[in-house]
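Letter by letter, the chains look like this.
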Amino acid sequence: MSEERGLLRGISWHECFPWLILFRATLIGFYLRVLLLAYLGVCVLALGNWLGAGLFGSWVGDGAGPVLAVSPTNFLHILRDGLSGKNPFQGIFPNPTVGGLLVFLFFSLWYIATFAIFGGAISRIAAMEFAVNDRCGLKSALGHSLRKFISYFLSPIFPMIGVTMLMVILLLFGLINWIGPWAAVITGIFGFIAVLVSLGIAMLVVPLILGWPLMWGAISTECSDHFDALSRCYAYVTQRPFHYLWYLIVAFVGGSVGYFAVGLLVGTSLEALSTGLHWGQGLEQTEAILTHDVAGPIWRFWYTVIERLVPAYSFGYFFAVFAGIYLLLRRDVDQAEIDEIVLDEDRPRFAMPALNKDLGGEESTPESESSEDETN
């Protein structure tokens, strides 16, 4: 009697290695609608930087920019520094001045509001692609982010409020120490309170900085509120830290490929623009135009338009890949399938069949139904 032998007909790589879906974010970052949203987001961030410099002037140096403010456009650099052993959280708190505090609040609120609109729309597009392989249009994505703006905006704000309240306790210790050395002796006896408070601040800040993009993935996937997004963020980061680290490494690899491609595209475009202008107008005329009071800023603006494609791609890839990371962590922690996603209320996934048709396929009207009743 011959033994039955199994025949391997195919391997579902995505079932064996579900983290392979993260490489799709490299292509999602090049979607035209994603690039458009990301480009607008980068321009709004640049506008905020210009307004901040004009409003606060020299105070800008006192206000430390939070890590979440630069991570969408410098995600690969921050991740590379973190993997190499450098502290990416250095300088996350502002200097103890009024100007530093005002600058910190202004840029934090401006960046979070920008991420809520444009990052939320990109995250929704990516979540639909990852979960159900369905296209989410530009209008639908923006409509989702505007409806959920409060949830996106408040998700990282609540932990920051908790950190501020704990900081007040440390501030009181500092005010008492300001009296003199003997006061510092008294507060030093109760120094364990300051130690516990500082550890509490770290426990709030570190998961927030590491996992705040997961809040965007939670709201884009579950259409939930900021409380649910906040709890999922802290739970997933603390319960599956090594899974999360592995997904970040995969995201770094995929993002590096896309970053190289967009850098090559932008570099070639700038070289073509410069070469074409040099051939037509010559080097001397080029220098004269670039140093002109009116023509110079205009042409430098068009060069900047091309250069901003690089941070725009980083912006789009950042929110797209973290939508995929959220789906993977949700699968690891909650055992929820990747294709489980809450669709918009005004957009049913499948249309219900008409209930007013007879067996012959013809529509039945109230008049025909009453005539049939009279005949019967």
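None of these values were measured; they are calculated from a predicted model.

**What to know about helix H3 (residues 32-56)**
Here H3 is 25 residues long and its end C-alpha atoms lie 36 Å apart, about the 36 Å a rise of 1.5 Å per residue gives. Of all the positions in H3, only Arg33, Val34, Leu35, Leu37, Ala38, Tyr39, Gly41, Val42, Leu45, Gly48, Gly52 and Phe56 are classed as buried.

**Examining the packing of aromatic side chains**
For the structure shown, the criterion picks out 22 aromatic pairs. Seen in terms of ring centroids, tyrosine 236 and tyrosine 326 are 5.7 Å apart; in terms of plane orientation they differ by 40 degrees. Their pairing is tilted. Placement of the pair is tyrosine 236 in helix H10 (residues 226-239) and tyrosine 326 in helix H13 (residues 309-334), with a sequence separation of 90 residues. With respect to class, tyrosine 236 is no different from tyrosine 326; both count as buried. Ring geometry for phenylalanine 315 against phenylalanine 319: centres 5.1 Å apart, planes inclined by 50 degrees, an arrangement best described as tilted. One end of the pair is phenylalanine 315 and the other is phenylalanine 319, both in helix H13 and four residues apart, which spans about a single turn. Residue classification places phenylalanine 315 among the buried residues on the basis of a relative accessible area of 0%.

**Some thoughts on the environment of glycine 41**
Within the secondary structure, glycine 41 is located in helix H3. By relative accessible area, glycine 41 is classed as buried at 0%. Residues glycine 41 and phenylalanine 115, spaced 74 residues apart in sequence, show a C-alpha to C-alpha distance of 7.5 Å. The residues contacting glycine 41, other than those within four sequence positions of it, are Thr114, Phe118 and Phe315.

**Topic: helix H9 (residues 191-222)**
Quick reminder: α-helices carry 3.6 residues per turn. Residues three or four places apart thus point the same way. Across its 32 residues, H9 extends 43 Å between first and last C-alpha, which sits within 8% of the 46 Å expected from 1.5 Å per residue. Along its length, H9 reaches its greatest deviation from straightness, about 55 degrees, at glycine 211, and the proline proline 213 lies no more than four positions downstream. Looking one or two places after H9, you find cysteine 223, whose phi comes out positive at around 55 degrees.

**Comments concerning the packing of helix H5 (residues 98-132) against helix H7 (residues 149-177)**
With their axes 8 Å apart at the nearest point, H5 and H7 run at an angle of 145 degrees to one another. Both H5 and H7 take part in a crossing whose hand is right-handed. Of H7, the residues touching H5 (which contributes Phe104, Ser108, Leu109, Ile112, Ala113, Ala116, Ile117 and Gly120) are Phe149, Tyr152, Phe153, Pro156, Ile157 and Met160.

**Section: the pattern of salt bridges**
For side chains of opposite charge, pairing can occur when their charged atoms come near one another. Evaluated as defined, the whole model comprises five salt bridges. Arginine 330 is the salt-bridge partner of glutamate 222, the closest N and O atoms lying 2.6 Å from each other. Note that glutamate 222 is positioned in helix H9 and arginine 330 in helix H13, a separation of 108 residues in sequence. According to the relative accessible area criterion, arginine 330 is buried, its value standing at 3%. For aspartate 228, the salt bridge identified is with arginine 232, shortest N-O distance 2.8 Å. Of this pair, aspartate 228 and arginine 232 are both found in helix H10, four residues apart, which corresponds to roughly one turn of the helix. Several salt bridges share partner residues, and in doing so they unite Arg24, Arg33 and Glu129 into one network.

Criteria and thresholds
Residues numbered from 1 in each chain as written. Predicted model: local features only at pLDDT ≥ 70, side-chain atom pairs only at ≥ 80, totals over all residues. Heavy atoms only, no water. Helix = DSSP H or I, 4+ residues; strand = E, 2+ residues; numbered from the N terminus. Expected span 1.5 Å × (residues − 1). Buried < 20%, exposed > 50% of the residue type's maximum accessible area, 1.4 Å probe, protein only. Phe/Tyr/Trp six-rings, centres within 6.5 Å; stacked < 30°, edge-to-face > 60°. Contact = heavy atoms within 4.5 Å. Bend = angle between axes of the 7 residues up to and from the residue. Axes fitted to C-alpha atoms, helices over the stretch in contact; angles between N-to-C directions. Left-handed = near helix turned anticlockwise from the far one by under 90°. Salt bridge = Lys/Arg side-chain N within 4 Å of Asp/Glu carboxyl O.

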